[in-house]
Amino acid sequence: MGKMDGLVALITGGASGLGAEDARVLAAEGATVVITDVQDELGEQVASEIPNCTYFNHDVRDEARWEDIVAETLERFGRLDTLVNNAGLVRFANVEEADYDDFRLQTEVMLNGTFLGCKAAIPHISRDGSGSIINMASVAGLKGISAIPAYTAAKAGIIGMTRSIAVHCREQKYRIRCNAIAPGGIVTPMTDQALAELPDGDPGREQTETHGMGQPIDIANMVLYLACADGKHITGTTITIDNGETMD
């Protein structure tokens, strides 16, 4: 038997990178998986390659669409056990150079999107002990990175909000765990594009050279651990996967 047999997982930003790998790993352990994204062609392709996987177009900034996604998941599959708030993007520019519209876009997608996902899903997540919310944070939210103030702010907010939601679920006796994962540098299309924009000698490049880049499977294995019964005694925490990056 797989560790996710009979369980249903909803993953945002599932068309590529970490979200797509999360979907593959959870499905391989028996989960029925719903992935959402705004990259329709990629999302449909990923869903077609994974058993028991469905794709929905979904802008995580849209509160009404969140309600639709959760309702459709429940209608099709009868339950919702795991929510992975993974959708994200990054734009490089320090606080003096950053464009305010870019700042708002990043915080709306990651921080607001995570809030809306939790708000929409919590009333419907299974409370039989299988309920798990996993929010994707970053080492940026723990240590601060000067070149990405909006991304850093959003991820730091996610870490704080994760603890608040975990406390709320405990107080309400919901039996829903809520945790965050803070990856360091991971090889994904998003990070590949971001690193390509950095000049030689930039601190971001030096960081990846010092600590190396992880693979999406390194994060997906932790998502599985937190989603299944193995992580049943973990809530309100942020797990850092960064090869020592935050020790500097």
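Colleague: Looking at this structure, I do not really get the state of the cysteines. What am I missing?
Modeller: Structurally, a disulfide amounts to a covalent bond that connects the sulfur atoms of two cysteines. The tally for this structure, following the rule as stated, stands at zero disulfides. Not part of a disulfide, Cys169 finds its nearest cysteine sulfur in Cys178, a span of 6.5 Å. Residue Cys228 stays outside any disulfide, its sulfur separated by 17 Å from that of Cys178, the closest cysteine.

Colleague: Sorry, what's going on with the sheet that holds strand S4 (residues 82–85) here?
Modeller: Sheet strands pair via backbone hydrogen bonds, and the direction of the pair is either parallel or antiparallel. In space, the seven strands of this open sheet follow the order S3-S2-S1-S4-S5-S6-S7, with parallel pairing throughout. The open sheet terminates on both sides in strands that have one partner only, identified here as strand S3 (53–57) and strand S7 (238–241). Strand-to-strand twist in this sheet, taken as the mean axis angle between neighbours without regard to direction, amounts to 20 degrees. Contacts from helix H1 (residues 17–28) reach strand S1 (8–12), strand S2 (32–37), S4, strand S5 (131–136) and strand S6 (176–183) within the one sheet, and its direction differs from that of S1 by about 170 degrees. Along the sheet face, helix H9 (residues 216–227) touches S4, S5, S6 and S7 and points at about 165 degrees away from the line of S6.

Colleague: For this particular structure, what's the right way to read helix H2 (residues 40–49)?
Modeller: Think of an α-helix as turning once every 3.6 residues; residues three or four places apart then point the same way. Those residues of H2 that fall on the buried side of the exposure criterion are Gly43, Val46 and Ala47. Buried residues in H2, looked at end-on, bunch into an arc of 100 degrees, giving them a common side. For H2, the exposed residues set more than 90 degrees away from the buried face come down to Glu41 and Ser48. Buried residues in H2 make contact with H1, S2 and S3.

Thresholds, definitions, all that
- Each residue is numbered by its place in its chain's sequence as written, counting from 1.
- Per-residue local features are limited, in this predicted model, to residues with pLDDT of at least 70; the limit for side-chain atom pairs, both in listing and counting, is 80 or more; totals at the level of whole chains, interfaces and linings are taken over all residues.
- Side-chain numbers here rest on the full set of heavy atoms in the structure, without hydrogens or water.
- Whenever a pair of cysteine sulfur atoms sits within 2.5 Å, that pair is classed as a disulfide.
- Here, strands pair whenever DSSP counts at least two bridges between them.
- To qualify as a helix, a DSSP run of H or I must reach at least 4 residues; to qualify as a strand, a run of E must reach at least 2; elements of each kind are numbered from the N terminus.
- Comment: axis = line fitted to C-alpha atoms, over the contacting stretch for helices; angle = value between 0 and 180 degrees taken between N-to-C directions.
- Residue contacts are defined here by distance: any two heavy atoms, one from each residue, within 4.5 Å place the two residues in contact.
- Here the term buried applies to any residue with accessible area under 20% of the maximum for its type, exposed to any over 50%, and partly exposed to those in between, with areas from a 1.4 Å probe on protein chains only.
- The directions considered for the arc are those from the helix axis to the C-beta atoms.

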